[in-house]
Amino acid sequence: MPLAAYLWRRIRQLGVQSIMGVPGDMNLELLDYLDDDGLEWVGNANELNAAYAADGYSRMKGCPGVLVTTMGVGELSALNGVAGAYTEHVKLIHIVGTTGTGAQKARAMIHHCLGPNPDHRIYSKISGPVRMAHCWLDNAKTATAEIDRVIRVCYLKSLPVYIFVPLDFTHVPVSASSLDQPLTITPQTDDDACASAVNAVIDRIAMSKTPSIVVDTLVHRFGATSILNRLLDQLDIPTFTTPMGKSIVPEDRSYFHGVYNGQVSLPGIASAIEVSSDLVIDIGFLHSDSNTGGHSRLLTRVFQALTTDPIPRNLLRRRIIHLPTPSVPSDEDAKHITQSWIWKRIGAMAQPGDIIIAESGTAQFGFSDAVFGPGVQYITQIYFGSIGYSVPACLGAAIAQREMGSEAASQRPGRTILVVGDGSLQLTVQEIGTMIKLGLKNIIIVVINNNGYTIERAIHGPERGYNDIATWNHQLLLNTFGDKYGKVNSRVVNTKESFEKVISSPEYLDLASIQLLEVIMDKMDVPWRLKAQIDLINQHNTRITKQDNGV
């Protein structure tokens, strides 16, 4: 079969149904084979958005997100999105259509290349630090094995990989025999070492009187969410998540006690883990600054383990944690919409099967206070923190949600609730047009209009011009991007009462079309967690400065 056909057939076997990307003259013939295996071409507004969308698709569906670009101009445009996936351990396959092998050997001056006597493979060196594996499909005898090898690495490491397809190898015949067997994507493990690790953890639990568990994002990335939750139900040990691990653990469980973010946690949480616990099991951890309260964790003992083996019942003991009641916000009685109110309210409005997607900024700090009901999934990019990520990621997640069908959403089709600031929206707004083009109806776009980059104002330069943005009429966006009912489906609110009225309306409870809700907020209102983390960082910087000055 043609090499391109093998590539798409193998990708379809992974459970992938939709391909992100932008067409270009060096990948067009490669794209001709998509339809043969029932794959859907999404077609994004640009390559950066395609990478973000593939990231959101992968997080939602668990299989790799796949994007296709042309070499050079398209390949480089996608790089920031691929880097974010690499940083946050998201499975991504970036397929690049390149010049033919003859042109490469001749170093021909062909468009998309660099300067005179160009190296046509120079771009593959640029993406080296943000991928785990790559291959060039320039040998018919080894091409299928190379495809399989790279995809296997993508799964085992949960990291992006690259596949480069020269134009003249798209139609080259290759053996199809490997497709008769599913690709082996399970890791090879040392049974003795695993048993030793499991026994070590069980021994620690047996000796412990006040254990705690912290659940983090890599549990999700490596497909261990269901396994972990069975274990947590069995152990019944006080459990917390990090900001990046939020929604991995069902938040209605009696043993779940909230989000642990070092010293940027609700009252009592840090001390319950750092002081009162004699054992902390840290599972799937990713210790970035925003995920640890600016590295303000004060743990003296950390052990990691994950097992599905039965735990002897005599090891289990119920530890009850009584956390202090959080203080009432000073603006509790405000009629207008505040940071202390909005995030918990959006969390409460989410229903089983819904996805909440939060943009980098105030939303990420605010949603740690929200309580999500069972079956609500949460997607955000906390570590890499690239503004503009959320809009294309929403597209990818909504596509995956539609593919997965109503079964994953209990008895109702799940909604995709995007929460994006007015500043971040301006970077990648074009993908709203792709949502409308694809007929995705179960999307609510919540635009937080606080007149610019509020998170940056909180960090530095509250009145500086660099934190201002262009003034857009958000009420015209849906209409501009092709929704003929866009004006009807766009609303603006600035009070809690008006917000409640909209989200409880039939149009929002049973979506028949994409909706846009613009929420007006004060430009200097920020979540308490953001203030606390900034204060910690400033205190740290002050101590360092004094030390450097010999004080």
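Residues numbered from 1 in each chain as written. Predicted model: local features only at pLDDT ≥ 70, side-chain atom pairs only at ≥ 80, totals over all residues. Heavy atoms only, no water.

Looking at an unreviewed UniProt entry, one finds the protein named Pyruvate decarboxylase, with Aspergillus homomorphus as its source organism. What the UniProt record of the protein gives under Catalytic activity (unreviewed entry) is the line "a 2-oxocarboxylate + H(+) = an aldehyde + CO2". Its UniProt record gives the protein a comment under Sequence similarities (unreviewed entry), which states: "Belongs to the TPP enzyme family." (UniProt positions renumbered as here; feature names shortened; annotations may be inferred.)

Two elements in contact, helix α1 (residues 3-13) and helix α8 (residues 143-157), have axes whose closest approach is 10 Å; the angle formed by their N-to-C orientations is 30°. Put simply, α1 runs roughly parallel to α8. The two elements α1 and α8 meet at a crossing, and its hand is right-handed. Seen from α1, the contacting residues are Leu3, Tyr6, Leu7, Arg10 and Ile11; seen from α8, they are Ala143, Thr144, Ile147, Asp148 and Ile151. Residues belonging to the contact of α1 with α8 are distributed by class as follows: seven nonpolar, one polar and two charged. (Axes fitted to C-alpha atoms, helices over the stretch in contact; angles between N-to-C directions. Helix = DSSP H or I, 4+ residues; strand = E, 2+ residues; numbered from the N terminus. Parallel < 35°, antiparallel > 145°, perpendicular 65-115°, else oblique. Left-handed = near helix turned anticlockwise from the far one by under 90°. Contact = heavy atoms within 4.5 Å. Nonpolar A, V, L, I, M, F, W, Y, C, P; charged D, E, K, R; others polar.)

With that settled, the discussion passes to the pattern of salt bridges. Between side chains of opposite charge, a pair can form as their charged atoms come close. Using the criterion set out here, one finds 18 salt bridges in the structure. Of the charged contacts in the structure, one is a salt bridge between Lys246 and Glu251, with a shortest N-O distance of 2.9 Å. Exposure remark for Glu251: the relative accessible area of 11% places this residue in the buried category. Residues participating in the shared-partner salt-bridge network are Asp55, Arg59, Glu88 and Arg221. (Salt bridge = Lys/Arg side-chain N within 4 Å of Asp/Glu carboxyl O. Buried < 20%, exposed > 50% of the residue type's maximum accessible area, 1.4 Å probe, protein only.)

All right, on to the sheet that holds strand β12 (residues 377-380) then. Strand order across the open sheet formed by six strands is β12-β11-β13-β14-β16-β15, with parallel pairing between neighbours. Of all the strands in the sheet, just β12 and β15 (490-493) have a single pairing partner and so form its edges. Along the sheet, successive strands turn relative to each other by an average axial angle of 20°, direction set aside. Contacts from helix α13 (residues 339-349) reach β11 (355-358), β13 (416-421), β14 (443-449) and β16 (515-520), with the element oriented near 165° to β13. (Pairing = 2+ DSSP bridges.)

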